[in-house]
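# Close look at the chain arrangement
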Amino acid sequence: MLTAERTASGAEMPDRIADDLVHTITEMGHHDVLPRGACIEALRMVQERYGWICDRHLKQVADILGMSLADIDGVATYFNLLFRKPVGKNVIMLCDSVSCWVMGVDGVREKLCRKLGVSMGQTTQDGEFTLLPIVCLGHCDHAPAMMIGKDLYGPVRPEDIDAIIDERRGAAS
Amino acid sequence: MSYTAKDPEKRPLLALVDQADPPDVATYERGGGFRGLRRVLSGLSPAEVIDEVTKSKLRGRGGAGFSTGMKWSFVPKESQKERKKYIVANGDEMEPGTFKDRLLVEGNPLQLVEGMIISAYAIQASHGVIFLRGEYHLGLERLKIAVEQAKAAGFLGENILGSGFDFELIVHPSGGRYICGEETALLTALEGRRANPRTKPPFPQVSGLWGAPTVVNNIETFSNIPHIMANGIDWYLGLSACGDGGTKLYGVSGRAKRPGVYELPLGTRMGILLEECAGGMQDGYRLRAFLPGGASTAFLGAEHADIVLDYPTPEKAGSRLGTGLAILLDDRASPIGMIRNLEHFFAQESCGWCTPCRDGLPWVEKLLIDIEEGRGGPDDILRLQDACRLIGPMGRTFCAHAPGAIAPLESGLRLFREDFERAVQGGGAVVPSAQERAA
Ligand SMILES: Cc1cc2nc3c(=O)[nH]c(=O)nc-3n(C[C@H](O)[C@H](O)[C@H](O)COP(=O)(O)O)c2cc1C
Ligand code: SF4
Ligand code: FES
């Protein structure tokens, strides 16, 4: 397990969001009828920078956009792609929807879990990988499909997993 | 017979699509881009644009198939200077088995942008949003570039092409939830709230984003508009093989030889799509059934393998055209396993607003797991049928998520009755082993 207050890249989570982000989020808030219209994108930007959204940053975004903490946490916990818990350097999202199931994703999942030594939803001890299920990635003609970071993979066979993970591990460090 | 029309005029949507290197403004214009917009802004009235789109018989490509021109005609007629209105592209595309809009935004984002500018003019909207699935990172990047390029070339912003028409367009990446594809939930998400659907009426055309009149159309729908305006109603009607207009992005996933997206005349037969385009089934696999247009459409058995894929025919057969991207069930996969997979998706993605959907779908999933794993009894089939009756009909729930969830279950219980009977008599679902599948 990662300690709660580290960014995805392993650095200490800063107390406050960087000034440039504060500025961008404030600007975005001015564009909408109500500033809260910017909250999902703002949270995505915070996450893009730090890997996940910690309580303090959530509160800070709420303050900028004039929302209550409970209100913005309701939004943050609603969406699949907003992480309220620490994640590793590489987030692996394995499609668990129907075309990938038909094409044998179960075998890929088993192999991934064995290779990483984690179950779905967990992060590896070294903080390199978080393994999550995701719904159809729109890559069904290349099923079974998965996404690591922003990169799409597919068709992925169980025997491809070693090479893919080893390569990502090399690239990340 | 060749499935890919050689003549780009016969497959306008994909003619300039290049997923490796999408066209920039110059390439797009050389390929005929912005001709439609120039024609519209050099003298057509908004009402004339709506009239042409209505007569072209373009129906929404997001799943429901509503007439696009008619949808636009419900928007209050004030000019954009008199009343704020919005136009929104639905690029959520989270329907399992659907991968057509990603191709359009990655391969030719300017086509979507042009379609939205013309549509905005037709309903006199001043602001547009492209709501894009959060996982479509490449599409997001390319759309942002396309919007910047269009702005730099004078197609977006103030007084476009000297016409007096203003239009600002932004791209919004979703936080990720299937329900965001439902148009009123999508608008709620854009307002920075949990994306629960809203009651209709009022329809978004009257009271949508921030309470202003709003049109939501699918990305493929918008991508048709430039071609209609550039080439005319007769040409557009002539593309089709049925009573409605245009081509359609059809597709296949599952155990086909060449799964993929194919642009074909609307009303093409399934046989042409599966056999000629997708190359038929992989060796050693036979078609058992298919979902014609995404996870929320009802199963059709192999006897429908040559069904006409227009809007009315699949409905007569008890299903829907849906998104037009078919998911194949082969004879070596377990139908119960496939339905369990689908219901897991729908249970997980329920927004939780209404009881039948929030509580009923996880219950359905549990029953299916029991049956699949050999713990089910004959009563469980009756319980599933009850669930269909209680959750399925339109009007029992707030939005169409629940009816969509029940479509594959209800049809599957009929079509695969023997598999269910066998599974509850002992032993569970017969799933071919990995070795058998690989052999
Ligand atoms: C649960 C649910 C999910 C939906 N997802 C999508 C989607 O991802 N993309 C889409 O265009 N339409 C989706 N729709 C349909 C939209 O509500 C709406 O009908 C459509 O965007 C209208 O565009 P069109 O008229 O161009 O088809 C969904 C509907 C429901 C009930
Ligand atoms: S039917 Fe399901 S998804 Fe739709 S509003 Fe009700 S609970 Fe939400
Ligand atoms: S079902 Fe896995 S990518 Fe579509």
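Residues numbered from 1 in each chain as written. Chains lettered and ligands numbered in written order. Predicted model: local features only at pLDDT ≥ 70, side-chain atom pairs only at ≥ 80, totals over all residues. Heavy atoms only, no water.

## Details of the UniProt feature "binding site: [2Fe-2S] cluster" (unreviewed entry) in chain A
UniProt's entry tags Cys95, Cys100, Cys136 and Cys140 of chain A with the feature "binding site: [2Fe-2S] cluster" (unreviewed entry), counted in the numbering of this structure. Spanning 46 residues, the named residues nonetheless gather at one spot, since no C-alpha pair among them exceeds 9.3 Å. With respect to the helices and strands, Cys100 of chain A occurs in helix 5 (residues 98–102). Since its relative accessible area comes to 2%, Cys100 of chain A is described here as buried. When sequence neighbours within four positions are dropped, the list of residues in contact with Cys100 of chain A reads Cys95, Val105, Ala143, Pro144 and Ala145 of chain A. Note on placement: Cys140 of chain A falls in the loop between strand 2 (129–134) and strand 3 (146–148). Relative accessible area serves as the criterion here: at 4%, Cys140 of chain A is assigned to the buried category. Once residues lying within four places of it in the same chain are set aside, the contact partners of Cys140 of chain A are Ser99 of chain A together with Gly97, Thr98, Phe99 and Ser253 of chain B. (UniProt positions renumbered as here; feature names shortened; annotations may be inferred. Helix = DSSP H or I, 4+ residues; strand = E, 2+ residues; numbered from the N terminus. Buried < 20%, exposed > 50% of the residue type's maximum accessible area, 1.4 Å probe, protein only. Contact = heavy atoms within 4.5 Å.)

## What to know about the sheet that holds strand 9 (residues 325–330) of chain B
Residues and elements named next belong to chain B. Overall, mixed pairing links the five strands, which are arranged 6-5-9-7-8 in an open sheet. Each end of this open sheet is capped by a strand with a single partner; those strands are strand 6 (260–265) and strand 8 (300–301). In this sheet, strand 6 lies alongside strand 5 (residues 247–253) in antiparallel orientation, the contact comprising six bridges. Along strand 6, the bridge assignment pairs Leu249 with Glu263. (Pairing = 2+ DSSP bridges.)

## Considerations on the site of ligand 1
All names here are of chain B. Around ligand 1 there are 19 residues in total, and Gly62, Asn90, Asn217, Asn218 and Thr221 lie nearest to it. Backbone polar atom of Arg61 to an oxygen atom of ligand 1: 3.3 Å apart, as the coordinates give it. Separating an oxygen atom of ligand 1 from a side-chain N or O atom of Asn90 is a distance of 2.9 Å. In the complex, the protein chains occlude 89% of the 610 Å² of accessible area that ligand 1 would expose alone. At three residues, strand 4 (residues 214–218) tops the list of elements feeding residues into the shell around ligand 1. Here the shell around ligand 1 is built from residues that sort into five nonpolar, eight polar and six charged. (Near = heavy atom within 4 Å. Polar contact = N/O pair within 3.5 Å; in protein donor to acceptor, adjacent residues only side chain to side chain. Areas by Shrake-Rupley, 256 points an atom, 1.4 Å probe, with all protein chains shown as cover. Nonpolar A, V, L, I, M, F, W, Y, C, P; charged D, E, K, R; others polar.)

## Examining the domain arrangement of chain A
Residues and elements named next belong to chain A. Assigned domains within chain A: domain 1 (1–86) and domain 2 (90–171). Distance from the C-alpha centre of domain 1 to the C-alpha centre of domain 2: 26 Å. At the junction of the two partners, domain 1 supplies seven residues and domain 2 supplies eight residues. Remark: the boundary between domain 1 and domain 2 carries one salt bridge. (Domains from an automatic or database assignment. Salt bridge = Lys/Arg side-chain N within 4 Å of Asp/Glu carboxyl O.)

## Focus: the environment of Arg269 of chain B
All names here are of chain B. As for its placement among the helices and strands, Arg269 is situated in the loop between strand 6 and helix 12 (270–277). Exposure remark for Arg269: the relative accessible area of 35% places this residue in the partly exposed category. Placed 36 residues apart in sequence, Arg269 and Ala305 show a C-alpha to C-alpha distance of 8.5 Å. Those residues in contact with Arg269 that lie beyond four places of it in its chain are Asp306, Ile307, Val308 and Leu309.

## Regarding the interface of chain B and chain A
Across the contact, 53 residues belong to chain B and 39 residues belong to chain A. For the chain B and chain A pair, buried surface summed over both sides reaches about 3800 Å², with 58% attributable to carbon and sulfur atoms. On the surface where chain B and chain A come into contact, there are zero salt bridges. Seen at the junction of chain B and chain A, the total is 15 residue pairs in polar contact (both at pLDDT 80 or more). Counting only elements with at least two residues in the side of chain B that touches chain A, the list comes to strand 3 (168–173), helix 9 (183–190), strand 9 and helix 14 (335–349) of chain B. Of all the elements, helix 14 of chain B adds the most residues to the side of chain B that touches chain A, at nine residues. (Buried area = accessible area lost by both parts, 1.4 Å probe.)

## As for the nonpolar core
In this structure, Met146 of chain A together with Met338 and Phe420 of chain B are the most contacted members of the largest nonpolar core, which totals 117 residues. Take this core: its biggest share by element is seven residues, from helix 14 of chain B. The residues contacting Met338 of chain B, other than those within four sequence positions of it, are Val98, Trp101 and Val102 of chain A together with Leu291, Phe299, Ile327 and Leu329 of chain B. The next biggest cluster of nonpolar side chains, apart from the first, holds 61 residues, and it includes Val40, Ile160, Met229 and Leu239 of chain B. (Core = buried A, V, L, I, M, F, W, Y, C linked by side-chain atoms within 4.5 Å.)

## Section: the domain arrangement of chain B
Residues and elements named next belong to chain B. Split by domain assignment, chain B resolves into domain 1 (25–239), domain 2 (247–330) and domain 3 (335–426). Between domain 2 and domain 3, the C-alpha centre-to-centre distance is 23 Å. Each partner contributes residues to the interface: domain 2 has 12 residues there, and domain 3 has 13 residues. Of the roughly 1000 Å² buried between domain 2 and domain 3, counting both surfaces, carbon and sulfur atoms make up 77%. On the surface where domain 2 and domain 3 come into contact, there are one salt bridge. The partner of Asp419 in a salt bridge is Arg288, with the nearest N and O atoms 2.6 Å apart. Along the contact surface separating domain 2 from domain 3 lie two residue pairs in polar contact (both at pLDDT 80 or more). Elements that contribute at least two residues to the side of domain 2 that touches domain 3 include exactly strand 7 (287–291), strand 8 and strand 9. It is strand 7 that contributes the most residues to the side of domain 2 that touches domain 3, three residues altogether.

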